[in-house]
Amino acid sequence: MNDHHHPLYGVLLILLSGLLLASHDGLAKHLLEIYPVFLVIWARYVAQTVLMTALFVPRMGQRVFRTLRPWPQLLRGLSLVSVSLLFINGLHFIPLAEATAVIFLTPVLVTVASALLGERINPSQWIAVGFGLLGVLIIVRPGSALFTPAALLPLGAALSFTVYQLITRRLAGTDHPVTSNYLTSLVGCVALSVLVIFNWRTPTLHDALLMGALGGMAMLGHLLLTNAFRFASAATLAPFTYSQIVFAGVVGYLAFDHAPDAGALIGMAVIIASGLCMAYVQRRQPAAGG
């Protein structure tokens, strides 16, 4: 707990994580212009699995593979594969910043799912839910270039990520975090190895290295995100997690010459405000209960 006395470290790690993950998505969008989505995502999972094996198996041995709840771990892995397929495929049609903003609807959807599962949700949280959904509607508003069926892809990714988050919550304290992340990567690697057979296109050496870099960026981004919470509380870091939307906008502008229009910027701001409101309400709940 002494680590929490250095919140600046946590903020810096969360910002670096957001930059890495936004850059990962930008690189995936670039590769998607040349290669099938199954190949790009498969290469990312293979690279990530190889890197995690090299990093953690020598230190942890068979503990990396041991799980007390294999079926939830399998479902968690398949949920993240679904997130990857839907979100990265959506980048074919949706600009990077707008797609990233929609995926950040996940905290709102987790709240809705928790209510359906019987958890008590207070009025402030429902207001935040309403504003989060309003933000998405503003981004993909009728008449805009994004008002197409393709907008359902990042929304579907947010729904899949909601399932992933709920399962992760259930697994907390059961399996080691490294085990959960390693098994998720392994599930993605195996599942996509079946699908990639029918979508194969041999990449050049340069592009193969870029695909391998995807795995390294994803692994490092999530490790930084996890370690950020050693130095600062979730409530402290919540505002800075949304920096990924800003970084996605910068990457989208520099790499693809796309700048969000005024409506998209307003929608992003509404989604961010909704998420911050949700984090603020959750931060106050333990105090209210005590």
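Below is a short write-up of the structure. (Residues numbered from 1 in each chain as written. Predicted model: local features only at pLDDT ≥ 70, side-chain atom pairs only at ≥ 80, totals over all residues. Heavy atoms only, no water.)

1. Observations regarding a nonpolar patch on the surface
A surface patch of nonpolar side chains, amounting to about 400 Å² of accessible area, comprises Ile-127, Phe-131, Leu-134 and Leu-137. Counting through the fold element by element, Leu-134 comes out in helix α6 (residues 123-139). (Patch = residues over 30% accessible without salt bridge, like charges linked within 9 Å, V, L, I, M, F, W, Y side chains within 5 Å. Areas by Shrake-Rupley, 256 points an atom, 1.4 Å probe, with all protein chains shown as cover. Salt bridge = Lys/Arg side-chain N within 4 Å of Asp/Glu carboxyl O. Helix = DSSP H or I, 4+ residues; strand = E, 2+ residues; numbered from the N terminus.)

2. Comments concerning the pattern of salt bridges
Opposite charge on two side chains permits pairing when their charged atoms draw close. Per the counting criterion, the structure on display carries 2 salt bridges. A salt bridge links Glu-119 to Arg-169, with the shortest nitrogen-to-oxygen separation between them at 3.5 Å. With Glu-119 in the loop between α5 (106-116) and α6 and Arg-169 in helix α7 (residues 152-171), this pair connects stretches of sequence that are 50 residues apart. Exposure remark for Glu-119: the relative accessible area of 42% places this residue in the partly exposed category. (Buried < 20%, exposed > 50% of the residue type's maximum accessible area, 1.4 Å probe, protein only.)

3. Structural notes on the packing of aromatic side chains
Counted by the stated rule, this structure contains 5 aromatic pairs. Look at Tyr-9 and Phe-231: their rings are 5.6 Å apart centre to centre, the planes differ by 85°, and that puts the pair in the edge-to-face class. One end of the pair, Tyr-9, is in helix α1 (residues 7-32); the other, Phe-231, is in helix α9 (residues 205-231), and 222 residues separate them in sequence. Owing to a relative accessible area of 45%, Tyr-9 belongs among the partly exposed residues under this scheme. For the pair Phe-65 and Tyr-182, a centre-to-centre distance of 5.4 Å together with 85° between the ring planes defines the contact as edge-to-face. With a gap of 117 residues between them, Phe-65 in the loop between α2 (37-60) and α3 (70-90) and Tyr-182 in helix α8 (residues 177-196) connect regions that are remote in the sequence. Exposure remark for Phe-65: the relative accessible area of 40% places this residue in the partly exposed category. Given a relative accessible area of 4%, Tyr-182 falls into the buried group. (Phe/Tyr/Trp six-rings, centres within 6.5 Å; stacked < 30°, edge-to-face > 60°.)

4. Overview of unusual backbone geometry
A positive phi angle is found at Asp-257, which is not glycine, with a value near 55°. Mapped onto the fold, Asp-257 is located in the loop between α11 (243-256) and α12 (262-289). Note on Asp-257: relative accessible area 64%, which makes it exposed.

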